[in-house]
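# Structural description and commentary
Spelled out from the first residue to the last, the chains are:
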Amino acid sequence: MPYKRFETELIVRPDDIDMNNHLHGSKYLDYVLAARYDQMGRCYGMPMEEFLKKGMNWYQKVFHIEFKREINLSDRVIVQTWLDSFDRADVKVGFRIFKKEPRKVAAEGYFISTMIDIKTGRAVAIPQEIIEHYTQFTE
């Protein structure tokens, strides 16, 4: 089922740049997670705070990225994310990071987040009402 794609715009800051004058590889994960945090509340209507109130959190289990073109200081980027699939305690989220001008893919990939119980730190099944809430956003 194709899920709706949401976008968040970010600007590359000086402390995000590596010694090769490109966006540091670790910052791609930061940008994707910042976009998801924004989109959880703004686009899905279920901000991270809702999960925390329920004693749940997300752990990043897998992060796969393919680099396509460099991102430089002061570039504006668009981070596009979408739900891909659910599997018990996991959700797979696809993403693309575009350079805003010109709108070309700089990186793409996916990550898998596991829902955990904050008290135990162990994986728990994603409650059905959360899956239903998120999966209503289809194209």
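Here we summarise the structure given alongside this text. (Residues numbered from 1 in each chain as written. Predicted model: local features only at pLDDT ≥ 70, side-chain atom pairs only at ≥ 80, totals over all residues. Heavy atoms only, no water.)

### Details of the pattern of salt bridges
To be explicit about the condition: Throughout this description, the term salt bridge denotes a Lys or Arg side-chain nitrogen within 4 Å of a carboxyl oxygen of Asp or Glu. By definition, any uninterrupted DSSP run of H or I lasting at least four residues is a helix, any uninterrupted run of E lasting at least two residues is a strand, and each is numbered from the N terminus. With a 1.4 Å probe rolled over the protein chains alone, any residue whose accessible area is under 20% of its type maximum counts as buried; one over 50% counts as exposed, and the rest are partly exposed.
According to the stated counting rule, one finds 13 salt bridges in the structure shown. The residue E9 makes a salt bridge to R76 at a minimum N-O spacing of 3.4 Å. Pair noted here: E9 is in strand β1 (residues 5-11) and R76 is in strand β3 (residues 76-87), with a separation of 67 residues, a long-range link. A relative accessible area of 41% means that R76 is categorised as partly exposed. With its nearest N and O atoms 2.7 Å apart, the salt bridge here joins D38 to R42. Of this pair, D38 and R42 are both found in helix α1 (residues 25-42), 4 residues apart, which corresponds to roughly one turn of the helix. A network of salt bridges, in which partner residues are shared, links R13, D15, D16, K27 and D30.

### So, the pairing of β3
Keep this limit in mind: We call two strands paired when DSSP finds no fewer than two bridges between them.
Judged from the 7 bridges that link them, β1 and β3 form a sheet pairing that is antiparallel. Across the sheet, R5 pairs through a bridge with W82, a residue of β3. Alignment of β3 against strand β4 (residues 90-99), held across 10 bridges, turns out to be antiparallel. From the neighbouring strand, F86 faces β4, where its bridge partner is V91. The turn joining β3 and β4, which pair antiparallel and follow one another in sequence, is formed by 2 residues; a positive phi near 55° is taken by R88.

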